[in-house]
Amino acid sequence: MKRPATVLLTALAPVSWGTTYAVTTQFLPPDRPLFTGLMRALPAGLLLLALTRVLPRGAWWGKAAVLGALNIGAFFPLLFLAAYRLPGGMAAAVGSLGPLFVVGLSALLLGQRPAARTLVTGAVAAFGVSLVVLRGAGALDAIGVLASVASTASMAAGTVLTKRWGRPDGVGPLALTAWQLTAGGLLIAPVAFLAEGAPPALDGRAVGGYLYLALANTAVAYWLWFRGIGRLTASQAGFLGPLSPLTAAVVGWAALGQALTPVQTAGMALAFGATLAGQRGTGRGAPGTQSFSSAEKTGRKDSMDLTDPALRR
């Protein structure tokens, strides 16, 4: 698949994640962030495990656990904690620094030296998102700020390590997604039950909301995300992250009647332009950091069946 199509498909993941806030507030029980994170991750992971019927082997038990913790198990609770403790869009503003986190970790772990243009582009993206999501000033909660920074760093580290470790031979992105969602969901489960108690009663709207989050917003979106990480550089994938808060703003305007000011519109244009600029290359990579798999290096063809354990990017 050519690069523009890969970018567009990968971008569907953060666009989908941008609908999470609207679905949560309009369809789900209030004040149950950990239970919501659990319902997003574990059912989706178990479903994909049933489809692929592939389990980790050897060192990949540990790697899958680490990636699941970074991308799902730690990221979800920290993200929700930040959203509950910080005013307005502060958590989203801190999250918009994700591309810069990814660039820094890519230099450290992948040997990809960032160009000055990449750093400027990341700063412009963060500034644009800040114009969109930040509201009036309010007292900042230290725990909320730390949780927001930690959630951003967790997802960035998961993105870079997913790129560094790749996938085992004969294992496709669908199976890798299943491992991480299941590991992350199992990590969230005891914390959710200890902190929030028994699951709440669910009506039809809540069931529909959780089905959407588990299937489209998580199973499909994370499969597209991990598949895209395999084809793009880690920094290029990271620069798609600001699409999530931008989508949330558009959904709020279109579906929830939230007004967009001229300043917010200008911020959206800046952030979207920076996202596009971030796909034009992000610095020189060290040997071994190319965005294709060992199978693609040898020219081997792979099945396009999504339920095939050997599915490749």
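Residues numbered from 1 in each chain as written. Predicted model: local features only at pLDDT ≥ 70, side-chain atom pairs only at ≥ 80, totals over all residues. Heavy atoms only, no water.

Enquirer: How should the overall build of the protein be read in this particular structure?
Expert: For the protein, the count of helices and strands is 15 helices and zero strands. A sequence separation of at least 24 residues applies to 89% of the contacts in the protein between residues at least 6 apart. (Helix = DSSP H or I, 4+ residues; strand = E, 2+ residues; numbered from the N terminus. Contact = heavy atoms within 4.5 Å.)

Enquirer: Help me understand the side chain of serine 244, please; the structure alone is not making it clear to me.
Expert: Note on placement: serine 244 falls in helix α13 (residues 243-255). In this view, serine 244 contacts Pro14, Trp17 and Gly18; residues no more than four positions away in its chain are not counted.

Enquirer: What exactly am I supposed to notice about the environment of tryptophan 223 here?
Expert: Within the element layout of this structure, tryptophan 223 appears in helix α11 (residues 204-231). As a C-alpha pair, tryptophan 223 and threonine 177 span 46 residues in sequence and 5.6 Å in three-dimensional space.

Enquirer: In this structure, what is going on with the packing of helix α4 (residues 60-73) against helix α10 (residues 173-196)? I would like to understand it.
Expert: When two helices pack together, their arrangement is given by the angle between their axes and by how far apart the axes lie. Contact geometry for α4 and α10: axes closest at 7 Å, N-to-C directions at 65 degrees. With respect to each other, α4 and α10 are oriented roughly perpendicular. Helix-helix and strand crossings are classified by hand; for α4 and α10 the assignment is right-handed. Residue-level inspection shows Trp60, Ala64, Ala65, Leu67, Gly68, Ala69, Asn71, Ile72 and Gly73 of α4 in contact with α10, the latter providing Leu176, Trp179, Gln180, Leu181, Ala183, Gly184, Gly185, Leu187 and Ile188. (Axes fitted to C-alpha atoms, helices over the stretch in contact; angles between N-to-C directions. Parallel < 35°, antiparallel > 145°, perpendicular 65-115°, else oblique. Left-handed = near helix turned anticlockwise from the far one by under 90°.)

Enquirer: Just to check I follow, could you spell out the nonpolar core for this structure?
Expert: Generally speaking, soluble globular proteins have nonpolar side chains that are buried together. Judged by nonpolar contacts, the single largest core of 44 residues is most densely connected at Trp17, Ile72, Phe76, Trp179, Tyr222, Trp225 and Leu240. Those elements giving two or more residues to this core turn out to be α1 (3-17), α3 (33-52), α4, α5 (75-85), α9 (142-165), α10 and α11. If you tally residues by element for this core, the top one is α10, at nine residues. Apart from residues no more than four positions distant in its own chain, leucine 240 is found in contact with Val7, Thr10, Ala11, Pro14, Trp225, Leu232, Thr275 and Gln279. Formed by seven residues, the second largest nonpolar core is a distinct cluster that contains Val132, Val133, Leu246 and Met268. (Core = buried A, V, L, I, M, F, W, Y, C linked by side-chain atoms within 4.5 Å. Buried < 20%, exposed > 50% of the residue type's maximum accessible area, 1.4 Å probe, protein only.)

Enquirer: Help me understand α11, please; the structure alone is not making it clear to me.
Expert: Think of an α-helix as turning once every 3.6 residues; residues three or four places apart then point the same way. Over its 28 residues, α11 extends 39 Å from the first C-alpha to the last, a length consistent with the 40 Å expected when each residue adds 1.5 Å. Helix geometry: α11 is bent most strongly at alanine 221, by close to 30 degrees. N-capping of α11 is provided by aspartate 203, with a side-chain oxygen placed 3.3 Å from the backbone N of arginine 205. (Expected span 1.5 Å × (residues − 1). Bend = angle between axes of the 7 residues up to and from the residue. Polar contact = N/O pair within 3.5 Å; in protein donor to acceptor, adjacent residues only side chain to side chain.)

Enquirer: How do you make sense of the confidence of the model for the protein when you look at a structure like this?
Expert: Detailed conclusions should not be drawn from predicted coordinates in areas where pLDDT is low. Mean pLDDT over the protein: 80, with 83% of residues reaching 70 or higher. Under a pLDDT of 50 for its full length, residues 282-313 has, in the predicted model, 78 contacts with residues more than four places off or in other chains. (pLDDT = per-residue confidence, 0-100.)

Enquirer: So what exactly am I meant to see when it comes to α13 here?
Expert: For α13, with 13 residues, the first-to-last C-alpha span of 17 Å sits near the 18 Å given by 1.5 Å per residue. All of the buried residues in α13 are Leu243, Ser244, Pro245, Leu246, Thr247, Ala249, Val251 and Gly252.

Enquirer: Just to check I follow, could you spell out unusual backbone geometry for this structure?
Expert: Negative phi characterises most residues that are not glycine, and trans characterises most peptide bonds. Even without being a glycine, aspartate 31 presents a positive backbone phi close to 60 degrees. Along the chain, aspartate 31 falls in the loop between α2 (20-27) and α3. Here arginine 53, not a glycine, exhibits a phi torsion of approximately 55 degrees, which is positive. Take arginine 53: it is sitting in the loop between α3 and α4. Exposure remark for arginine 53: the relative accessible area of 75% places this residue in the exposed category.

Enquirer: What is the right way to read the pattern of salt bridges from this model?
Expert: Under the definition given, this model contains one salt bridge. Here arginine 32 makes a salt bridge to glutamate 196, at a shortest N to O gap of 3.4 Å. With arginine 32 in the loop between α2 and α3 and glutamate 196 in helix α10, this residue pair connects regions lying 164 residues apart in the sequence. Assigned by exposure class, arginine 32 and glutamate 196 land together as buried. (Salt bridge = Lys/Arg side-chain N within 4 Å of Asp/Glu carboxyl O.)

Enquirer: Would you mind going over the packing of aromatic side chains with me for this structure?
Expert: Between two aromatic rings, the relevant description is the distance of the centres plus the angle of the planes. Evaluation of the coordinates by the stated rule reveals seven aromatic pairs. Between tryptophan 17 and tryptophan 225, the ring centres sit 5.4 Å apart and the planes meet at 65 degrees, which makes this aromatic pair edge-to-face. One end of the pair, tryptophan 17, is in helix α1; the other, tryptophan 225, is in helix α11, and 208 residues separate them in sequence. Given a relative accessible area of 14%, tryptophan 17 falls into the buried group. Judged by relative accessible area, which is 4%, tryptophan 225 ranks as buried. Residues tyrosine 222 and phenylalanine 226 carry aromatic rings whose centres are separated by 5.8 Å and whose planes lie at 40 degrees to one another, so their mutual orientation is tilted. Here the residue tyrosine 222 and the residue phenylalanine 226 both occupy positions in helix α11, the gap between them amounting to four residues, near one helical turn. On the accessibility criterion, phenylalanine 226 (2% relative accessible area) is buried. The structure contains a cluster of three or more aromatic residues connected by ring pairs, namely Trp17, Phe75, Phe76, Tyr222, Trp225 and Phe226. Positioned over the ring face of phenylalanine 35 is arginine 32, at 5.9 Å from the centre of the ring. (Phe/Tyr/Trp six-rings, centres within 6.5 Å; stacked < 30°, edge-to-face > 60°. Lys NZ or Arg CZ within 6 Å of the ring centre and 35° of its normal.)

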